[in-house]
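Summary of structural features
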Amino acid sequence: MALTIEDMAIFCKKKGFIFPNSEIYGGIAGFFDYGPLGVELKNNIKQSWWKTFVQDRDDVVGIDGTTITHPKVWKASGHVDCFGDIMLECTKCKERFRGDHLIQDVLKIQADGLSKEDIDKLVIENKIHCTKCKSPLGPAHEFNLMFTTQVGPVVTEESKTYLRPETAQLIFADFKAVMDTSRQKLPFGIAQSGRAYRNEISPRDFLFRSREFEQMEIEFFIHPKETKCALLSKEDLDFEFQILTQDNQEKNQSHSKIKAKDMIKNKVAGEWHVYWLRQVYQWFIDMGIKKENLRLREHLKDELAHYSSACFDIEYQFPSGWKEIHGNANRGQFDLQQHEKVSKKSMAIFDEATQEKVIPRVIEPSQGTDRAFLAVMFDAYEDDKERGNIVLKLSPRLSPIKVAVLPLVNKLEDEAKRIYNLLKKEFTCIYDRSGSVGRRYARADEIGIPYCITVDFEGKDDKTVTIRYRDNTKQVRVKIDDLIDTINNMIKGKYL
Ligand code: GAP
């Protein structure tokens, strides 16, 4: 039977990856806490993203902005006026539904981007009622997803602001400050990783749609007339994506395959957009996600966000179906122009190459951290019937705990403790002495520990230990003096 999102939530709670927030008070919908293993895994995902897209590149720099900012930022960005979902409310029990989700669940049709009027029409035509008490639903209305808050001790309309619904706007608001101080030239990017908040009408599917989550976003600034991307390598151009185009969706067909160079040739997307889609795809693959579980989905025209002229989601094939884990939008000059208009400060920069003052256009690879976490967990989860336990085949680089040290018998504890103390300075490590060795291997498998070091009598004499690799249970005997280097090499990709 396919693993459901509920099964994953139970597994994550049982093993200490994720807990429902404030459960002792009955919980609060749409909020989750990362437990001891979850926080390590999430940090490893965030570090991998930051290293790949900021530290390893010369053309991207980072910022870390606040979660509360000037309300005009959200006025300029369009979030005050158009960042909402359509809500339906039961006339009797007052249960609230997100309109497109209710239509999708009841009529089994794609409902993204439906207008208020479309939803009202479908509700009436199909006699859709409250799914809880079966009473009629009231008319559809817009609901703004931003959480409001007050800044300062006096509560007035002027002191009202918002918790940021995306990290992106802080980057646009700081654009000139970064430009003035970082000596970057077009094309270049600014990255940020941090929390975002959305008062989702119906948070659901565990971490997938929550009310407080994290994003890792890049705004990549390009000369507005620059369509060529010099960074596209031959390997990038030959890369083959699975893709659900607008055409596929309109004809009710499943995804097809296309090479990056043909996406450009067939004008499915511009060179820079294809470049960034390819970089993010590769990041997922490097984190160990199976390529066949990834695909692009082109947004339908009436589904595009208010700022975007073209957008692709990267979707992951969860057991329940394909779902968005990453959004990649062509935001054009929208945001910088808006901030220029509202702040009355110029957002133009001088481009040395063309000797022009320009407002750059933007490609935005926007990653939800929690959705990356979920995809990584689903991809790694394997119910191994032969072993009789779950094996969490996380890439060793991401594993929350890299090494378990196990004395074969209690008599070997002193030696095992010495090795544990040696390794824990270098790796996240646990020491486990309770139960049979088989049981201890199983416990390690279930939380994704890639390497179990067993200390036995043979090794006590010749100063060796065995390393057991989680994915295939193979063991090698290694000199204790070489242990740190061997494990480091294994983590880098030299598996057993
Ligand atoms: N700056 C663009 C932006 O925020 P988005 O498609 O609304 O675009 C980007 O969000 C990513 O953030 C999504 O692909 C998803 O991974 C994540 N995300 C959005 N809403 C979320 C929610 N309620 N819970 C968890 N992740 C969410």
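This structure is a prediction, so every number in the text was calculated from the model and none was measured.

**What to know about the overall build of the protein chain**
Assigned secondary structure in the protein chain consists of 18 helices and 25 strands. Rg of the C-alpha trace for the protein chain: 25 Å, near the compact-globule value of 23 Å for 496 residues, within the 12% margin. With the C-alpha coordinates of the protein chain rotated into their principal frame, the extents come out at 75 × 65 × 55 Å. The buried share of the protein chain, taken over its 496 residues, is 52%. Within the protein chain, contacts between residues at least 6 apart in sequence are counted, and of these 66% link residues at least 24 apart. About 23700 Å² of surface is accessible on the protein chain, with carbon and sulfur atoms providing 50% of the total. Put simply, the protein chain has 75 plus and 76 minus side-chain charges, and the middle of one group is 2 Å from the middle of the other.

**A word on the packing of aromatic side chains**
Per the stated rule, a full pass over the model turns up 25 aromatic pairs. On the basis of an interplanar angle of 75° and a centroid distance of 4.9 Å, the ring pair of Y316 and F318 is categorised as edge-to-face. Put simply, the rings of W49, W50, F53, F220, W272, Y275, W276, W283 and F284 pair up and form one aromatic cluster. Between the NZ or CZ atom of K291 and the centre of the ring of F239, over which it lies, the distance is 4.4 Å. The ring centre of F208 lies 3.8 Å from the NZ or CZ of R371, which sits over that ring.

**Examining the domain arrangement of the protein chain**
Splitting the protein chain by domain gives domain 1 (5-81 + 146-379), domain 2 (84-143) and domain 3 (401-491). Computed from C-alpha coordinates alone, the two centres of domain 1 and domain 3 are separated by 39 Å. In this assembly, six residues from domain 1 lie in contact with five residues from domain 3. The contact between domain 1 and domain 3 buries some 420 Å² in all, and 63% of this surface belongs to carbon and sulfur atoms. The three residues of domain 1 that bury the most area against domain 3 are K15, L37 and E40, which together make up 67% of that side's buried surface. At the boundary of domain 1 and domain 3, one finds one salt bridge. Residues K15 and E446 are paired through a salt bridge, measuring 2.8 Å at the closest nitrogen-oxygen approach. Taken together, domain 1 and domain 3 are joined by one residue pair in polar contact (both at pLDDT 80 or more).

**Overview of the pairing of strand β11 (residues 240-244)**
Burial analysis of β11 places four of its five residues in the buried class, which makes it a mostly covered element. As defined by bridge partners, β11 adjoins strand β12 (residues 256-259) across four bridges and the pair is classed as antiparallel. Its bridge partner lying in β12, E240 is registered against K259.

**Description of the sheet that holds strand β5 (residues 96-98)**
Pairing is antiparallel in the open sheet, where three strands are placed in the order β5-β4-β6. Both outer strands of the open sheet, β5 and β6 (141-144), are each paired with one neighbouring strand and no more. Pairwise comparison of adjacent strand axes, ignoring direction, gives a mean angle of 45° for this sheet. Along the sheet, helix α5 (residues 99-107) contacts β4 (84-89) and β5; its crossing angle with β5, the most-contacted strand, is approximately 80°. Together, β4 and β6 form the strand contacts of helix α6 (residues 116-125), whose direction differs from that of β4 by roughly 25°.

**Describing the layout of surface pockets**
In this model, the second largest pocket occupies a volume close to 480 Å³. Every residue lining the second largest pocket is counted, 19 residues in all, and those nearest its centre are N44, Q47, S48, K51 and R397. Those elements that provide at least two residues to the lining of the second largest pocket are α2 (36-55) and α12 (271-286). Among the elements that make up the lining of the second largest pocket, the one with the highest residue count is α2 (seven residues). In the lining of the second largest pocket, the residues fall into five nonpolar, seven polar and seven charged. Split by domain, the residues of the lining of the second largest pocket number at least three in each of domain 1 (5-81 + 146-379) and domain 3 (401-491).

**Focus: the nonpolar core**
Within the largest apolar cluster, 73 residues are counted, with the highest numbers of intra-cluster contacts made by M8, F17, I45, F241, M263 and F284. When residues in this core are grouped by element, the largest group, nine residues, is from α12. Taken domain by domain, this core gets at least three of its residues from each of domain 1 (5-81 + 146-379) and domain 3 (401-491). Once residues within four sequence positions are removed from consideration, M8 is found in contact with L3, F206, L374, M377, F378 and Y381. Membership of the second largest hydrophobic core comes to 28 residues, among which are M87, M146, V358 and V362.

**Notes on the pattern of salt bridges**
As a working rule, side chains carrying opposite charge can pair if their charged atoms are close by. Enumeration over the complete set of coordinates arrives at 45 salt bridges. A salt bridge links D445 to R387; the nearest nitrogen and oxygen atoms lie 2.8 Å apart. With D445 in helix α16 (residues 437-446) and R387 in the loop between β19 (381-384) and β20 (389-392), the pair connects residues that are 58 residues apart, well separated along the chain. The salt bridge involving R433 is made with E413; its shortest N-O contact spans 2.8 Å.

**Notes on α6**
Along α6, the residues classified as buried are I119, L122 and V123. Buried residues of α6, viewed axially, fall in a sector of 100°; they line one side. Away from its buried face, by an angle of more than 90 degrees, α6 presents the exposed residues E117, K121 and I124. The inward-facing, buried residues of α6 contact β4 and α5. Positive backbone phi, at 50°, marks K127, one or two positions downstream of α6.

Calculation notes
- Residues numbered from 1 in each chain as written.
- Predicted model: local features only at pLDDT ≥ 70, side-chain atom pairs only at ≥ 80, totals over all residues.
- Heavy atoms only, no water.
- Helix = DSSP H or I, 4+ residues; strand = E, 2+ residues; numbered from the N terminus.
- Rg over C-alpha atoms; globule rule 2.2 N^0.38 Å.
- Buried < 20%, exposed > 50% of the residue type's maximum accessible area, 1.4 Å probe, protein only.
- Contact = heavy atoms within 4.5 Å.
- Areas by Shrake-Rupley, 256 points an atom, 1.4 Å probe, with all protein chains shown as cover.
- Lys, Arg positive; Asp, Glu negative; His and termini not counted.
- Charge placed at Lys NZ, Arg CZ, Asp CG, Glu CD.
- Phe/Tyr/Trp six-rings, centres within 6.5 Å; stacked < 30°, edge-to-face > 60°.
- Lys NZ or Arg CZ within 6 Å of the ring centre and 35° of its normal.
- Domains from an automatic or database assignment.
- Buried area = accessible area lost by both parts, 1.4 Å probe.
- Salt bridge = Lys/Arg side-chain N within 4 Å of Asp/Glu carboxyl O.
- Polar contact = N/O pair within 3.5 Å; in protein donor to acceptor, adjacent residues only side chain to side chain.
- Pairing = 2+ DSSP bridges.
- Axes fitted to C-alpha atoms, helices over the stretch in contact; angles between N-to-C directions.
- 1 Å grid on protein atoms, 1.4 Å probe; cavity = no way out; pocket = protein on both sides within 12 Å on 5 of 7 lines; lining within 4 Å.
- Points joined across faces, edges and corners; volume = space filled by probe spheres on them.
- Nonpolar A, V, L, I, M, F, W, Y, C, P; charged D, E, K, R; others polar.
- Core = buried A, V, L, I, M, F, W, Y, C linked by side-chain atoms within 4.5 Å.
- Arc of directions from axis to C-beta.

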